[in-house]
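# Examination of the molecular architecture
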Amino acid sequence: MARKVIITCAVTGAIHTPSMSPHLPITPEEIAEAAIGAAEAGAAIVHLHARDPQNGKPNQSPEAFAPFLQVIKQRSNCVINITTGGAPTMLVEERVRPAAHYKPEVASLNMGSMNFGLYPMLHRFNEFKYDWELPYLEGSRDRIFRNTFTDIEYILTTCSENGTRFEIECYDIGHLYTLAHFVDRGIIKPPLFVQSVFGLLGGIGPHPEDVAHMKRTADRLFGDNYQWSVLGAGKNQLAIAAQAASMGGNVRVGLEDSLWIGPGKLAESNAQQVKLARQIIEGLGLEIATADDARAMLTLKG
Ligand SMILES: C[C@H](N)CC(=O)CC(=O)O
Ligand SMILES: [Zn+2]
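Here's what I pulled together on the structure shown here. On a predicted model such as this, the values are computed, not experimentally measured, just so you know.

Let's shift gears to the site of ligand 1. The environment of ligand 1 is made up of 13 residues, and the closest members are His 49, Thr 83, Ser 108, Asn 110 and Glu 256. Contact distances for ligand 1 include 3.1 Å between an oxygen atom and a backbone N or O atom of Gly 85. A distance of 2.7 Å is found between an oxygen atom of ligand 1 and a side-chain nitrogen or oxygen belonging to Ser 108. A class-by-class count of the residues in the shell around ligand 1 yields 4 nonpolar, 6 polar and 3 charged.

Next up, the structure:
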């Protein structure tokens, strides 16, 4: 029986800005279509952020999520994963509101404060439609993506009564130890869904040895009590996915993490990235997990 691999698709995020790609979903309709298209292409889980439909600015109000959540739930059986990261400009009280309100099966959880470098993208993109884009990217030189131990505990306690489980974002080895700390304190219960993030400036690099080191450390700290997943930022997305899939891992793709489908070629949709990841996974003789497989593998509330 082939191993099942969970594909997560992060359809829009709060890293890229509208002027960077005409294919980045902005409006609720575009986000809903992108999520449903990604699920039909093979994604078991969709990771969701909301944006202001007028200018694409990240918007973390529960109201901004309502229109696309409704449509996705009507037309797809995929697992909904709501961000608690929001944008690095937001404080945790604002960031946790949509997950606290909608009580999704999954919500993201970021395991440490860090420099969150968006400004390197200014080498590639320098014409902007909206006046918030450049200061948002430039401002990342001095901005800290804040996730103190208290912030993490606040999100955990706010959401845990709702039966929500977490996509646990680990951008560096230290984040795995922070996770182990919260497991030891019994504040977060296995099985854990560890999402290792590679190649985002401020976190661990995208080198195969970085990937192997993250896996080795997670295996030592969590044994069999976790499902490992990876995301590679930017041009590293598919190489990291291929490496991890061959090492027993699950994968995350989507325009939140990378705008590309190949060198210098913008992805025309989230589904396009999901299809490519699926080809690699099935090419390795593995099977993609359905949404219900993912629910079983991650013991979600359904
Ligand atoms: C690198 C990704 N932006 C990780 C992420 O998706 C964070 C979140 O939404 O909480
Ligand atoms: Zn996100």
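Attention shifts here to the sheet that holds strand S10 (residues 226-232). Taken in spatial order, the 8 strands of this closed barrel run S2-S3-S4-S5-S8-S9-S10-S11, and their pairing is parallel. The sheet shows a mean angle of 25 degrees between the axes of neighbouring strands, taken without regard to direction. In the sheet, strand S5 (residues 106-110) pairs with strand S8 (residues 165-170) via 5 bridges, with the strands oriented parallel. Paired with Ser 108 across the strands is Glu 167, a residue of S8. Sheet strands touched by helix H5 (residues 149-160): S5 and S8. Its angle to S5, the strand with the most contacts, is close to 165 degrees.

Calculation notes
Residues numbered from 1 in each chain as written. Chains lettered and ligands numbered in written order. Predicted model: local features only at pLDDT ≥ 70, side-chain atom pairs only at ≥ 80, totals over all residues. Heavy atoms only, no water. Near = heavy atom within 4 Å. Polar contact = N/O pair within 3.5 Å; in protein donor to acceptor, adjacent residues only side chain to side chain. Nonpolar A, V, L, I, M, F, W, Y, C, P; charged D, E, K, R; others polar. Pairing = 2+ DSSP bridges. Helix = DSSP H or I, 4+ residues; strand = E, 2+ residues; numbered from the N terminus. Axes fitted to C-alpha atoms, helices over the stretch in contact; angles between N-to-C directions. Contact = heavy atoms within 4.5 Å.

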